[in-house]
Amino acid sequence: MASVNARLAGLAILALLAGASAAAHARAPRACELRVAHAGTEFFARSMAVLASCQERIGRGALPAGTECTAEPAVGKQRAALAARLVHRARQACTDAAVTSLAFGGHCAGTTSVASLAGCLQANHEAEAETLVGVADAARGALSAPAERCQAEASRRTRGFAVERLRLLGLCKRRPPHRLPAGADCDAEPRTAKRIAALRARAVRAIGARCVGATVAGARFGPPCAAPADGESLAGCLLAAADVAGEDVLMAEYRNEGFCGDSGDVVERRIRRLLGRMPLAEKIAQMHGTSVAPIGGVYRTPGNDRLGIPGLGMIDGPRGVSVIAGHATAFPVAAARGATWDTALEERVGEAIGTEARAKGATVILAPVLNILRHPRWGRAQETYGEDTVHLGSMGVGFIRGAQRHVVASAKHLAANSIENTRFEVDVSMDERTLREVYLPHFRVAVEQAHAGSIMAAYNKLNGQHCAENVHLLHDILKGEWGFRGFVESDWVLGVRSTAPSANAGLDIEMPSAVFYGAKLADAVAAGDVSEATVDAGVRRILRTTLCFRLDSEPPVPDPSLVESPAHLDLAREVARQGIVLLKNEHGALPLDRSRIRSLAVVGALAAVANLGDRGSSNVSPSAAVTPLDGIRAQAGDVTVTHLPATPLSANDQAVVAAADAALVVAGLTADDEGEGQITPGDRKTLALPGDQDTLVASVAALNPRTVVVLEGGSAITMPWVDQVAAILMAWYPGQEGGNAIADVLFGAINPSGKLPVTFPRSELDLPEFVDDRLAVTYGYYHGYRHLDREGIEPLFPFGFGLSYTTFGYSNLTIVPSTLSPEGLLRVTADVTNTGGAPGDEIAQLYVSYPGSRVDRAVKDLKAFGRVHLEPGETRTVEFELRAADLAFYDVAAGAWEVEPIAYAVRVGPSSRDLPLVGTFAVAATALR
Ligand code: BGC
């Protein structure tokens, strides 16, 4: 009996174990991912069906016209049941560990538990379903029978297309075929793409057949499909909306594949095979550059011919391809591009610079610079986008996405690199919260959203350790928490200070040549100070980047015709125009009216200079460049333009200025005043204009009431003469087309729309101290507008400020929902109206405040922004999206991000100091991300 019992017990244990292993298997990350995708897509489809059926009931009169479907009790009940099923299925398939290791993407990025993933999927998919039904089936009312049929068909087909497309992409994602090129997503897979194209064509035909002639106008579609010209354009618009919703659904349902796209598994297998065939020496050879001097205009790492692995070819930089590779398009500097607040435009700049880099034989572009502009005296201020982390990160994401269509982008310099004169040695100290909230979030989005293939470690120390050997920065945060999958390289020459500490911290490549790696790394491995597994991990990253970017199968082909192409020059001019900020314009001084102004005195030597920026590593040499004077003369028509370059003004010059209908002073900084440390002038000594330019501006203003000042430089400039001049333009270093762009704005060919990405203080004393002569500095939580807000100091021109030749009004703030779940998505809208007489673009900004927070927080933080074009009298709705996670602060004691369950204030308006729309919302419960 005893033995029977023992046998039974044994069987029971075996059965339990079998069950447990089956459960463990089912909860393995991949199984979790696939089941989540399945359940998520089904949830999305049914959520749309519930909403569409409510609309349909309104259409046939079963519910009153104007019914808000999301507020309908029956709809609420059905949606709750669907959500419960989704949560149940996610719980069945996943564990918290699986969710964490998968690192879901899109709006579910950062979820680390089944509960937070399920909550996020629910919020995301419901919002997508509402949006898509809102477009395809906008509020019904009494419709004619044909319009009703058109509406029903369009709604059904749009939803059907969205769901079937998701299914086809899901099939491919489950088993990415071998022919899917490394780095590409399933929508590029030929068979899938063909099937989706056929699906789309069928839907277009069906919608087109039902929605003909006047019926189209009679039906009710939501923006952007509200006023279709005909059935076909309606179908195109609806299916494009379905694509967008589908993308958001897909991104949230699958793991964040990084730059390797859907064939990551295929690439990982290749990496394993290659690594297995590399002796240690060959691996170590991959981990350093070949020489201090560039070869063929490019810094190189060695390839491995035996295994068919090409080396990497690296080139600067942030405003175009470096002068060391010859001529290239000189774009406006990043500060100017930051002033565009236009992430789509920045993506085009990234794409153009990436194209030119590849056409020069490079495979890695040493850009973008993602260092916070902590203080405008930083010598490399011009190379970064500005002082705010959300703005900086968004612009950087744009650049990286564009550039990485052609080359790997190396975002630099991680982290807190914002002083030049002491850059090699300075130890920058800050507390953990400041690091996490102020100095790192922009790098995080570069990794998590843009999938930067490379990160360059900064020269400086951070909290006592050089960045290239900073365990916390590289190992714990970048590679650990953010899941960065590319390679970390050092900054040049003095970027590495040790062998084992650097390798063990996670520095994968020493550039530009082996000083501490190479033979010393081999010795360190032999001595047991660095394990071969650590070397493998580094090489794996280099190989992954090489293979994912297809550098082995599609090497760059030099092609001079792609460099300085007409399209790139046009882009350089477009960007320069958009980046110019109109700071002051009294009595309609600008634009200059050629019918009224017959003579123009152009003052200042800089007017005749193509002032392109620093001559350090970001130096670019275009084959030609337009000076402001060239640009002005080209557009002056019959206006007499006299250039007066000499200072001080002679008596004769003074007479010319006084007699002219308008005077224009071009003043500013040059590469002799600011730039990269040690190789150029480094940090600025002051925020004032160099030399006697302040006196010059004041003397011109005293002679001519219509004095316009055009400023050039990399960041904020103080202006003691601000009240004496009629108009001021900030043109930054505007690139090779800058002279044309300045003239475009001066004569009104375009309406300026740039806004400051950096606070212009009245005095340097209004900013935190800038220390460039000590080897230890401490950075606090506050700088820029957040510092001035806290101290209650009025800026000269605030962050986000910029005028236009027209005026804009803000109205109708909506915030949905009023209480946000911790995983939810907040949608804020605001109406912007062009209240003036000229067409123009406005950049609307959204800031959040945290009254009642239990920790010290900024008076307000920028959280989102959007650009909108408006004809005179036109009103458009600008939409912003916020995740609850965007409101988090870093709880140092808990070592986690916390979203407080408090009331938050939202403010929307044209600048950080002019936010007329105010509203509130709450977050439901505390959550960690
Ligand atoms: C700069 C980097 C640059 C590198 C290569 C360094 O001095 O700090 O930004 O990419 O040189 O030129």
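Everything below is about the structure shown above.
Definitions and cut-offs
Residues numbered from 1 in each chain as written. Predicted model: local features only at pLDDT ≥ 70, side-chain atom pairs only at ≥ 80, totals over all residues. Heavy atoms only, no water. Helix = DSSP H or I, 4+ residues; strand = E, 2+ residues; numbered from the N terminus. Buried < 20%, exposed > 50% of the residue type's maximum accessible area, 1.4 Å probe, protein only. Pairing = 2+ DSSP bridges. Axes fitted to C-alpha atoms, helices over the stretch in contact; angles between N-to-C directions. Patch = residues over 30% accessible without salt bridge, like charges linked within 9 Å, V, L, I, M, F, W, Y side chains within 5 Å. Areas by Shrake-Rupley, 256 points an atom, 1.4 Å probe, with all protein chains shown as cover. Salt bridge = Lys/Arg side-chain N within 4 Å of Asp/Glu carboxyl O. Core = buried A, V, L, I, M, F, W, Y, C linked by side-chain atoms within 4.5 Å. Contact = heavy atoms within 4.5 Å. 1 Å grid on protein atoms, 1.4 Å probe; cavity = no way out; pocket = protein on both sides within 12 Å on 5 of 7 lines; lining within 4 Å. Points joined across faces, edges and corners; volume = space filled by probe spheres on them. Nonpolar A, V, L, I, M, F, W, Y, C, P; charged D, E, K, R; others polar. Disulfide = S-S within 2.5 Å. Phe/Tyr/Trp six-rings, centres within 6.5 Å; stacked < 30°, edge-to-face > 60°. Lys NZ or Arg CZ within 6 Å of the ring centre and 35° of its normal. Near = heavy atom within 4 Å. Polar contact = N/O pair within 3.5 Å; in protein donor to acceptor, adjacent residues only side chain to side chain.

Enquirer: Provide a residue-level description of unusual backbone geometry, including the pertinent values.
Expert: Trans is the common state for peptide bonds, and a negative phi is the common state for residues other than glycine. For the bond running from proline 223 to proline 224, omega is 10°, close enough to zero to count as cis. With respect to the helices, strands and loops of the structure, proline 224 is situated in the loop between α8 (214-218) and α9 (231-253). A positive phi is found at alanine 416, a non-glycine position, where the angle reads about 60°. As for its position among the elements, alanine 416 is in the loop between β4 (408-414) and β5 (427-429). Assessed through its relative accessible area of 6%, alanine 416 is described here as buried.

Enquirer: Describe the sheet that holds strand β17 (residues 808-816), listing the residues and the values that go with them.
Expert: Strands in a sheet are paired, the pairing made by backbone hydrogen bonds, and the direction either parallel or antiparallel. The three strands lie next to each other as β17-β19-β22, forming an open sheet whose pairing is antiparallel. Each edge of the sheet is formed by a strand with only one pairing partner; in this case those strands are β17 and β22 (875-883). On average, adjacent strands in this sheet sit at an angle of 20° to one another, irrespective of strand direction. Looking at chain direction, β17 and strand β19 (residues 825-834) are connected through seven bridges and run antiparallel. Paired with serine 811 across the two strands is aspartate 831, which belongs to β19.

Enquirer: Talk me through a nonpolar patch on the surface; I want residue IDs and the actual numbers.
Expert: Residues Val292, Val493 and Leu494 make up a contiguous nonpolar surface patch of roughly 250 Å² in combined accessible area. Considering the arrangement of structural elements, one finds valine 493 in the loop between β9 (487-489) and α18 (500-505).

Enquirer: Residue-level account of the nonpolar core, with values.
Expert: Core analysis: the largest hydrophobic core is formed by 113 residues, its most contacted members being Met314, Ile365, Leu414 and Leu478. Residues within four places of methionine 314 in sequence aside, it is in contact with Val298, Tyr299, Thr301, Val364, Leu366, Phe487, Glu489, Trp492, Ile509 and Met511. Counting residues in each nonpolar core, the second largest holds 67 residues, with Cys54, Val114, Cys172 and Val216 among its members.

Enquirer: Just give me the short version of empty space enclosed by the protein, but keep the residues and values in it.
Expert: Counting across every chain of the model gives six cavities of 30 Å³ or more. Size it by volume and the second largest cavity reaches roughly 80 Å³. Along its surface, the second largest cavity is lined by Arg30, Glu33, Lys173, Pro176, Tyr254, Arg255, Glu257, Asp262, Gly264 and Asp265. Within the residue set of the lining of the second largest cavity, elements represented by two or more residues are α2 (29-59) and α10 (264-276). Residues of the lining of the second largest cavity, tallied by class, amount to two nonpolar, one polar and seven charged.

Enquirer: Can you break down the environment of valine 249 residue by residue, with the values?
Expert: Locating valine 249 in the fold gives a position in helix α9. The exposure class of valine 249 is buried, given its relative accessible area of 0%.

Enquirer: Which residues make up the state of the cysteines, and what are the values?
Expert: Scanning the model with the defined rule gives seven disulfides in all. Cysteine 32 shares a disulfide with cysteine 94; S-S distance 2.1 Å. Residues cysteine 32 and cysteine 94 are joined by a disulfide whose S-S torsion is about 95°; by sign, that bridge is right-handed. With cysteine 32 in helix α2 and cysteine 94 in the loop between α3 (73-93) and α4 (96-102), the pair connects residues that are 62 residues apart, well separated along the chain.

Enquirer: Let's hear about the packing of aromatic side chains: which residues, and what values?
Expert: If you walk through the whole model with that rule in mind, you get 14 aromatic pairs. Arranged with centres 5.4 Å apart and planes meeting at 55°, the rings of tryptophan 341 and phenylalanine 799 form a pair that is tilted. Placement of tryptophan 341 in the loop between α12 (334-338) and α13 (343-359) and of phenylalanine 799 in the loop between α26 (784-791) and β17 is noted, with a sequence separation of 458 residues between them. An aromatic cluster is defined as three or more aromatic residues linked by ring pairs; in this entry it consists of Trp341, Tyr785, Phe799, Tyr847 and Phe865. Across from the ring centre of tyrosine 254, 4.9 Å away, lies the NZ or CZ of lysine 173, which sits over that ring.

Enquirer: Which residues make up the layout of surface pockets, and what values do they have?
Expert: Estimates place the volume of the second largest pocket at around 840 Å³. Along the walls of the second largest pocket sit 38 residues, with Thr100, Ala103, Glu481, Trp482 and Gly483 positioned nearest its centre. The leading source of residues in the lining of the second largest pocket is α4, at four residues. Taken together, the residues of the lining of the second largest pocket break down into 16 nonpolar, 12 polar and 10 charged.

Enquirer: Summarise helix α15 (residues 432-439); cite the residues concerned and give the values.
Expert: Burial analysis of α15 places eight of its eight residues in the buried class, which makes it a mostly covered element. Of the residues making up α15, those classed as buried are Glu432, Arg433, Thr434, Leu435, Arg436, Glu437, Val438 and Tyr439.

Enquirer: Would you mind going over the sheet that holds strand β1 (residues 299-300) in detail, with residue names and values included?
Expert: Sheet architecture is open: six strands sit in the order β1-β2-β3-β4-β6-β9, paired in mixed fashion. Only two strands of the sheet have a single neighbouring strand rather than two, namely β1 and β9. Examined bridge by bridge, strand β6 (residues 454-457) and β9 share three bridges and lie parallel to one another. Its bridge partner being in β9, isoleucine 455 is matched across the sheet by valine 488.

Enquirer: Tell me about the site of the ligand, and please be specific about residues and values.
Expert: Around the ligand, the neighbouring residues are Asp316, Leu366, Arg380, Lys412, His413, Arg423, Met456, Tyr459, Asp491, Trp492, Ser617 and Glu676. Between an oxygen atom of the ligand and a side-chain N or O atom of arginine 380, the distance comes to 2.8 Å. In the complex, 94% of the free accessible area of the ligand, which totals 310 Å², lies under the protein chains. Tallied by class, residues from the shell around the ligand come to four nonpolar, two polar and six charged.

Without other data, these values stay purely geometric and don't point to any function.
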